[in-house]
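Architecture and fold: a report
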Amino acid sequence: MQKTLLMILLIVINQGCTKQNESASTTKTESKKDFTQYVNPFIGTKNMGHTYPGATAPFGMVQLSPQTNFETMFHEDGSYNTKTYAYCSGYQYADSTIIGFAHTNFSGTGHSDLGDFLVMPTVGELILEPLRTEDGKKGYYSAYSHDKEQASPGFYSVELDDHKIKAELTTSERVGYHRYTFPKTEDAHILLDLVYNVYHHDNKNVWTFIRVENDSLVTGYRQTKGWARTKKVFFAMKFSKPFKSYGHKKYNSETYNGFYRRFQESENFPEMAGKDIRAYFNFETEEGEIIEMKFALSPVSTEGALKNLNEEIPHWDFEKTKNETQQKWNRELSKIDVEVVDPNERITFYTALYHTMLSPIVYEDVDGKYRGLDQNIHDSDDFTNYTIFSLWDTYRALHPLLNIIQTERNNDMIKSMLAHHDQSVHNMLPIWSHYANENWCMIGYHATSVIADAMIKNVGDFDKDRALRASVNTASVSYFDGLGEYIQFQFVPDDLSHSSVSKTLELAYNDWCIAEMARKIGNSSVEDEFRERSEYYRNVYDPTIGFMRPKLSDGSFRKDFDPMNTHGQGFIEGNAWNYGLYVPQQLDEMISMMGGKELFSQHLDSLFTMELDDKYIEKNEDITRDGIIGNYVHGNEPGHHIPYLYNWTNTPYKTQERVRMIMETMYGNKEDGLCGNDDAGQMSAWYIFSSLGFYPVTPGSDRYAIGSPLVEKAIIRFENGKELTIKALNQSKDNVFVKKVSIDGKDIDRLYLTHDELMNGKEIIFEMTDTPKL
């Protein structure tokens, strides 16, 4: 009996060792190729890409990144400060100053918020204002040089020249880790600026509360009213060295302070509370002394922040955290392994892939608790809760990409959207939501597209009936942004709602998505209702001029209409020439309605070659010259499908030509390598798909339009363990045309691939040539 037990024990130990060795082997295999070396986080930080270079984990809650200026939203006279737009991510590459490191930042958005908990190490005289003091002296900012600045996935460092401090940053998912190397001084400070915000205005900060728990631990929270009108973020900040003293300054007038007036609150008093506060913590340092700081976030409580801190980074080993996060990035980036002709294209590709994994972000504590849309605390029982849903942008390509390489996360994101619906007093899915708030930005209800795309592609285990009910509820809220008029008139009247044509087109597509969901689960009554609504786009087409056109509630088309103008013509961030081509659910019918394949191909030719005068875009800050080709605006989302529309004409080779041209001219491997806002990863997702040779023109369908691959070879590694190899034979700069496509050795005579062919095929081969297939 003892011998038998001994043999069993040896077998178990041996199997355990084998599994450990397999695991180690897998890790070793993953680490053989360092994909992070191909990522340049500075891409898009110059001009209007609005990306940030700081440290973060894949889909992480913390985005620890430098802030280079402090522009408020409004001038003193109340007018909008247009300079604010450049600082949607808090950072502009052209700046030469840094005012600190914030723990929350959007990536690539065209409007903004966040910038929570700005931290800045300084030396010398204690100064608490970032740019200019109240008496006009230099603020606490520091000059810096790009020569002394580095960024890679999960890591950022810079020399703060004015203070002679080296700053190094890394993160886990919920904790920012700072490492500051100081000079010798009796006057070292670490500032916590709780006045600062991205898109700041005088009334943005609602309340700030700080507790100094001991000589190295500080907790608190801040509530703001910005794009998210009721946003609370809690924190726990822990120093590696006790501070010798501390204090704060309030920048708001106190109308009532109760019996707290008994205390000298500004210095060494362990509570700080007010609307606008800047706190400081003082140290003495030796030459080259390092002070580290861990800064954990929570949407729930300071207790939650402490749990996050102790669970994710319980140690004081900066390099350990840095290496762990870089390994996480390497695993995510290795899901697509590409070979390219030009090495610079590899940097562009992997940075784009990196940008697709910066949001949505995890929005719950390590114990699964999160703040819901109803501002109550919830437990995520069977999913991880996410936030930052820039859906008008990301439904087009980002979420379809996640349905290929991040299926588990996208499943959780949909469950997060369904939780949002259940917590919504409007019974609506998210429109554009972040940090337990709906901000109502943009148009349509594109969570329906994300859900339909997953349902049609059999991604996820979310409740399909619940998802359909949530979608129908959302599509029935009559007071939402022209929806009641859309239902009543079967189009959105321009005299009753702005951006009327764009709304009609987007809502019709959303309704098609709902019809497809209903078809998938066999609900014929819902399918019939929304199938009919999906054709309402026809009601804003004017055949006398050949354009989609604003229509009034009396049924007549608006007379004063310019199809070139991007402002006030019934379209949002576009015009009739480009946005008017948005009927992805019925492209054949749209083309027939517009005169047939030949005329439509000519329309596309004109779109790409005509001139769009500055006067047509001067009132639209989201459309810049950098992202324009003719009258085609790649720098903005509504036209991203347009280059692929030649596939629905008799000249599909022009899709191949246009797509390659866009990849080569609108993207790059330098700071200005994005031609417009990355928009939470959508611009980058377009590049990933197009580089691989196909694109989801109609999310909610299982088809991908064939384009012209930029890669020589790509291996896509799916979460189920399968792999797909894509090869482009005879690939070169000149060979942009596709001669033939085969799947697992069989040629296909069509201009699309199916989702099943991607997920279950083994090899797709594009044969490239320099001669178009006429």
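Residues numbered from 1 in each chain as written. Predicted model: local features only at pLDDT ≥ 70, side-chain atom pairs only at ≥ 80, totals over all residues. Heavy atoms only, no water.

**So, the overall build of the protein chain**
When its secondary structure is counted, the protein chain shows 17 helices and 38 strands. What you see for the protein chain is a C-alpha radius of gyration of 27 Å, in line with the 28 Å of a compact globule of 774 residues. Principal axes of the C-alpha set define a box for the protein chain whose edges measure 85 × 80 × 50 Å. Pairs at least 24 residues apart make up 69% of the contacts formed inside the protein chain by residues separated by at least 6 positions. By element, 47% of the accessible surface of the protein chain is carried by carbon and sulfur atoms, the whole surface being about 29100 Å². Both charge centroids of the protein chain, one from 79 positive and one from 111 negative side chains, sit 3 Å from each other. (Helix = DSSP H or I, 4+ residues; strand = E, 2+ residues; numbered from the N terminus. Rg over C-alpha atoms; globule rule 2.2 N^0.38 Å. Contact = heavy atoms within 4.5 Å. Areas by Shrake-Rupley, 256 points an atom, 1.4 Å probe, with all protein chains shown as cover. Lys, Arg positive; Asp, Glu negative; His and termini not counted. Charge placed at Lys NZ, Arg CZ, Asp CG, Glu CD.)

**Points about the packing of helix α14 (residues 597–609) against helix α15 (residues 653–666)**
Here α14 crosses α15 at 20°, and the two axes come no closer than 12 Å. As judged from the angle between their axes, α14 and α15 are roughly parallel. Crossing of α14 over α15 shows left-handed handedness. Note on element contacts: α15 touches α14 through Lys654, Arg658 and Ile662, opposite Ser601, Asp605, Phe608 and Thr609. (Axes fitted to C-alpha atoms, helices over the stretch in contact; angles between N-to-C directions. Parallel < 35°, antiparallel > 145°, perpendicular 65-115°, else oblique. Left-handed = near helix turned anticlockwise from the far one by under 90°.)

**What to know about the confidence of the model for the protein chain**
Scored by pLDDT, the protein chain has a mean of 95; 96% of the residues are at 70 or more. Ignoring residues within four places in sequence, the model shows residues 1–29, a span with pLDDT below 50, making 0 contacts including any to other chains. (pLDDT = per-residue confidence, 0-100.)

**Regarding unusual backbone geometry**
Residue Ser359 is joined to Pro360 through a cis peptide bond whose omega torsion reads 0°. Position of Pro360 among the secondary structure elements: in the loop between α4 (343–355) and β20 (361–362). Positive phi, normally seen in glycine, also occurs at Lys164, with a value near 55°. Here Lys164 is to be found in the loop between β8 (155–160) and β9 (165–171). Even without glycine at this site, Ala436 takes up a positive phi of about 60°. Locating Ala436 in the fold gives a position in the loop between β25 (432–434) and β26 (437–438).

**Section: the pattern of salt bridges**
Close approach of charged atoms allows side chains of opposite charge to pair. Applying the stated criterion across every chain yields a total of 52 salt bridges. The closest approach of N and O atoms between Asp161 and Lys148, which form a salt bridge, is 3.8 Å. With Asp161 in the loop between β8 and β9 and Lys148 in the loop between β6 (142–143) and β7 (149–152), the pair connects residues that are 13 residues apart, well separated along the chain. Its relative accessible area of 29% is what places Asp161 among the partly exposed residues. Lys148 gets classed as partly exposed once you look at its relative accessible area, which sits at 46%. Glu332 is paired through a salt bridge with Arg409; the nearest N and O atoms lie 3.4 Å apart. Linking Glu332 in helix α3 (residues 318–333) with Arg409 in helix α7 (residues 407–423), this pair joins segments that are 77 residues apart in sequence. For the pair Glu332 and Arg409, one class covers both residues: buried. (Salt bridge = Lys/Arg side-chain N within 4 Å of Asp/Glu carboxyl O. Buried < 20%, exposed > 50% of the residue type's maximum accessible area, 1.4 Å probe, protein only.)

**Re helix α16 (residues 682–692)**
Each α-helix turn comprises 3.6 residues. Residues three or four places apart therefore point the same way. With respect to burial, α16 is a largely interior element, 11 of its 11 residues being buried. Among all positions of α16, only Gln682, Met683, Ser684, Ala685, Trp686, Tyr687, Ile688, Phe689, Ser690, Ser691 and Leu692 are buried.

**Things to note about the packing of helix α11 (residues 500–521) against helix α12 (residues 524–533)**
Two numbers describe how α11 lies on α12: the axes approach to 8 Å, and their chain directions differ by 160°. Relative to α12, α11 is oriented roughly antiparallel. You can see that α11 and α12 cross each other, and the crossing is left-handed. Between α11 and α12, the residues in contact are Ala508, Asp511, Trp512, Ile514, Ala515, Glu516, Ala518 and Arg519 and Val526, Glu527, Phe530, Arg531 and Arg533, respectively. Class assignment of the residues belonging to the contact of α11 with α12 gives a composition of 7 nonpolar, no polar and 6 charged. (Nonpolar A, V, L, I, M, F, W, Y, C, P; charged D, E, K, R; others polar.)

**Overview of the sheet that holds β25**
The sheet built from 3 strands is open, its strands ordered β24-β25-β26 with antiparallel pairing. At either margin of the open sheet sits one strand with a lone partner, and together these are β24 (389–390) and β26. (Pairing = 2+ DSSP bridges.)

**With respect to the environment of Pro543**
If you trace the backbone, Pro543 turns up in the loop between β27 (541–542) and β28 (547–548). The sequence separation of Pro543 and Met593 amounts to 50 residues, and the corresponding C-alpha distance is 8.0 Å.

**Things to note about the pairing of strand β12 (residues 205–212)**
Consecutive side chains along a regular strand alternate between the two faces of the sheet. Alignment of β12 against strand β13 (residues 217–224), held across 7 bridges, turns out to be antiparallel. Within the sheet, the bridge partner assigned to Arg211 lies in β13 and is Thr219. Counting the residues that bridge the hairpin from β12 to β13 gives 4 residues. In the sheet, β12 pairs with strand β16 (residues 271–274) via 4 bridges, with the strands oriented antiparallel. Among the inter-strand pairings, Ile210 is bridged to a residue of β16, identified as Met272.

**Considering the sheet that holds strand β34 (residues 723–729)**
Strand order in this open sheet of 6 strands is β19-β33-β34-β38-β35-β36, and the pairing throughout is mixed. Two strands in the sheet have a free side with no partner beyond their single neighbour: β19 (336–340) and β36 (746–747). Sheet topology places β34 next to strand β38 (residues 763–769); 5 bridges connect them, and they run parallel. Paired with Ala728 across the bridge in β38 is Phe766. In this fold α16 packs onto β19, β33 (711–717), β34 and β38, with an angle of close to 110° to the strand it touches most, β33.

**Some remarks on the packing of aromatic side chains**
Under the definition given, this model contains 50 aromatic pairs. Here the aromatic residues Tyr644, Tyr667, Trp686, Tyr687, Phe689, Phe694, Tyr695 and Tyr704 are joined through ring pairs into a cluster of three or more. The ring of Phe462 has Lys464 lying over it, and the distance from NZ or CZ to the ring centre is 4.4 Å. (Phe/Tyr/Trp six-rings, centres within 6.5 Å; stacked < 30°, edge-to-face > 60°. Lys NZ or Arg CZ within 6 Å of the ring centre and 35° of its normal.)

**What about the nonpolar core?**
Of all hydrophobic cores here, the largest spans 217 residues; its most connected members are Phe101, Leu192, Phe281 and Met548. Ranked by the residues each element gives to this core, the list is headed by α11, at 11 residues. Those residues within four positions of Met548 in sequence are excluded, and the remaining contacts are Val501, Leu505, Tyr537, Val540, Tyr541, Phe561, Phe571, Ala576, Gly580, Val583, Met593 and Met594. Residues Phe155, Tyr177, Leu309 and Ile313 belong to the second largest nonpolar core, which totals 9 residues. (Core = buried A, V, L, I, M, F, W, Y, C linked by side-chain atoms within 4.5 Å.)

**Thoughts on the pairing of β9**
Most of β9 sits inside the fold, with 6 of its 7 residues counted as buried. As defined by bridge partners, β8 adjoins β9 across 6 bridges and the pair is classed as antiparallel. Counted as the bridge partner of Phe155 is Thr170 from β9. Linkage of β8 to β9, two consecutive antiparallel strands, is achieved through a turn of 4 residues, within which Lys164 is found at a positive phi near 55°. Of the strand pairs in this sheet, β9 and strand β10 (residues 175–181) are connected by 6 bridges, and their pairing is antiparallel. Bridge pairing in β10 places Leu169 opposite His178.

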